[in-house]
Amino acid sequence: MQYKRSSALFAEAKKYIPGGVNSPVRAFKAVGGDPIFVSHAKGAYLFDEDGNRLIDYIASWGPLILGHAYEPVIEAVTEKAKKGTSFGMPTAIETELAKLAVSMVPNIDKIRFVNSGTEACMSAIRLARGFTAKDKIIKFAGCYHGHADAFLIQAGSGAVTFGSPNSPGVTQGTAKDTLLADYNDLGSVEKLVEANKGEIAAVIIEPVAGNMGCIIPEKEFIEGLRKLCTAEGILLVFDEVMTGFRLSRGGAQETLGIDADIVTFGKVIGGGLPVGAFAARSEIMAYLAPEGPVYQAGTLSGNPLAMSAGYAMLHSLNSKPEIFESLAEKTHYLHQGFDRVLTAAGIPYQVNRFGSMISVHFTAEPVKDFKSAAKGNNDTFKRYFHGMLEQGIYLPPSAFESYFLNDALSYQDLDETIAALEKVCPLLT
Ligand code: PMP
């Protein structure tokens, strides 16, 4: 495939935008080569500036669970735009989306909309601190909760892809209040709780991790975490930016059968427009301004275009909940295909899958936390990524990211993807 125009656009972008991109992972630094500039997309397909068609496994990093340019979302946004794009005043659509989200997700009474997953997690932690009157939080190595200072401590996703899980610019003062535990290791959390008795406001976790590839929580771990938080008066924050409205109508809380105290959302809830949200039971949300003392605000929060996109998306998912099952079946089919091909080729690998999230790590050992994810062979991953791209398959350009399947993917697309892997395998040994 030719990517001449993408490369020229990238060279131009680098003159005016740091690294040529507005979010680091897009730059392909972990895999080498120039990023692809997209022209437009429809359903499961991306069309780039050179006229190539690619089967998309990123779906804008999760939001587009029903495929690109999904008609009900496009129509809703177009109609809304004709009436004005922003008011900084209350609009009825905000309540409609809030009501719908609260009806779909268990265990939440009220929701506040923001503009990104980062804002949602940052605000959730402030709320947890305000509610508990405690300062410290526990996060897990390899989990990513956006780029707010408190989270850039052993962060996953782009931060670890670029070798800077602890970012310069985050003060020691901030870092000391973020304690680090290991995913799927309850003992590591218990130790921190013991050593910081009565000082921890919240434990924040990706209930199914997607920022060190896809990692599944062990049952005893996640159940134990819930019990420990309840016993110690610590709020359990589920970061459902990836899993919310993707694993099921009610997200990971429903799928895993665990209640969180605060839940954060992003991605799917905005239908492809910039939306994040955080939600909890009324008693906790009452601490938020203007009802309570914990300040949080946003000029464009609850933006009518974003709200109408989110409403069209959630409404579709709510009225066709069988989509979650059919997406999980497609993901299982892809998993089986990858197993067949990689096993036959004798390549050491792990495929982790949960619902419509899946990832491949090139290591012989099971991947269940950040340490095991980091053992993946990055040279093999690079060859895999570029080989698949050459075959017209667009995968996340880092082993520390999950793939997100979308409803527009057909079984023919999946077969094409598995056949592509078969062609790429000789490059991997
Ligand atoms: N939490 C999780 C689990 C995420 O995956 C992400 C982004 N990938 C974020 C928070 C941050 O969201 P945003 O990029 O919208 O700020």
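Residues numbered from 1 in each chain as written. Predicted model: local features only at pLDDT ≥ 70, side-chain atom pairs only at ≥ 80, totals over all residues.

By the naming in an unreviewed UniProt entry, the chain goes by Glutamate-1-semialdehyde 2,1-aminomutase and is assigned to Poritiphilus flavus. UniProt, in its Catalytic activity (unreviewed entry) section for the chain, records the words "(S)-4-amino-5-oxopentanoate = 5-aminolevulinate". (UniProt positions renumbered as here; feature names shortened; annotations may be inferred.)

Novice: When you look at the environment of serine 308 in this model, what are you seeing that I'm missing?
Specialist: Secondary-structure assignment places serine 308 in helix α11 (residues 304-319). Under the C-beta neighbour-count criterion, serine 308 is labelled buried, with 25 such atoms within 10 Å. If we ignore the near neighbours within four places in the chain, the residues touching serine 308 are Ala76, Val77, Lys80 and Ile93. (Helix = DSSP H or I, 4+ residues; strand = E, 2+ residues; numbered from the N terminus. Buried ≥ 20, exposed ≤ 12 C-beta atoms within 10 Å, placed from the backbone. Contact = placed C-beta atoms within 7 Å.)

Novice: What exactly am I supposed to notice about the site of the ligand here?
Specialist: What surrounds the ligand is a group of 17 residues, the closest being Ser116, Gly117, Thr118, Gly146 and Val241. Looking at the shell around the ligand, the element that brings in the most residues is helix α4 (residues 117-132), giving three residues. Grouping the constituent residues of the shell around the ligand by class yields five nonpolar, 10 polar and two charged. (Near = placed C-beta within 6 Å. Nonpolar A, V, L, I, M, F, W, Y, C, P; charged D, E, K, R; others polar.)

Novice: Sorry, what's going on with the sheet that holds strand β10 (residues 276-280) here?
Specialist: Pairing between the strands of a sheet comes from backbone hydrogen bonds, and it takes one of two forms, parallel or antiparallel. The seven strands are arranged β4-β10-β9-β8-β7-β5-β6 in an open sheet whose pairing can be described as mixed. The two strands at the open ends of the sheet, each matched to only one other strand, are β4 (110-114) and β6 (178-181). Here the average twist between neighbouring strands, direction ignored, is 20°. Note that strand β7 (residues 200-205) and strand β8 (residues 235-239) share four bridges and pair parallel. Counterpart to alanine 202 in the pairing with β8 is leucine 235. Contacts from helix α7 (residues 186-195) reach β5 (136-140), β6 and β7, with the element oriented near 150° to β6. (Pairing = 2+ DSSP bridges. Axes fitted to C-alpha atoms, helices over the stretch in contact; angles between N-to-C directions.)

Novice: Would you mind going over the UniProt feature "modified residue: N6-(pyridoxal phosphate)lysine" (unreviewed entry) in the chain with me for this structure?
Specialist: If you check UniProt for "modified residue: N6-(pyridoxal phosphate)lysine" (unreviewed entry), the listed places come out as Lys267 in our numbering. Counting through the fold element by element, lysine 267 comes out in the loop between β9 (262-265) and β10. Classification of lysine 267 as buried rests on a count of 27 C-beta atoms within 10 Å. Ignoring anything within four residues of it in the chain, the contact list for lysine 267 reads Trp61, Gly62, Pro63, Gly117, Val241 and Met242.

Novice: Explain the nonpolar core here, please?
Specialist: Nonpolar side chains tend toward joint burial in soluble globular proteins. Among the nonpolar cores identified, the biggest contains 131 residues, and Val203, Val237, Ile262 and Ala277 are the most heavily contacted of them. Top element by residues in this core is α11. It accounts for nine residues. A domain-level breakdown of this core finds at least three residues from each of domain 1 (4-69 + 321-427) and domain 2 (71-319). Not counting residues within four places of it along the chain, the set of residues in contact with valine 237 comprises Ala124, Ala128, Ala202, Val203, Ile204, Ala260, Asp261, Ile262 and Thr264. (Core = buried A, V, L, I, M, F, W, Y, C linked by C-beta atoms within 7 Å. Domains from an automatic or database assignment.)

Novice: Would you explain the packing of helix α14 (residues 378-390) against helix α15 (residues 411-424) in this entry?
Specialist: Two quantities define a packed helix pair, namely the angle between the axes and the distance from one axis to the other. Contact geometry for α14 and α15: axes closest at 9 Å, N-to-C directions at 125°. Here α14 is positioned oblique relative to α15, judged by the angle of their axes. With respect to the hand of their crossing, α14 and α15 are arranged in right-handed fashion. Contacts between α14 and α15 involve Tyr384, Gly387 and Met388 on the former and, on the latter, Ala420, Leu421 and Val424. Across the contact of α14 with α15, the residue classes tally to five nonpolar, one polar and no charged. (Parallel < 35°, antiparallel > 145°, perpendicular 65-115°, else oblique. Left-handed = near helix turned anticlockwise from the far one by under 90°.)

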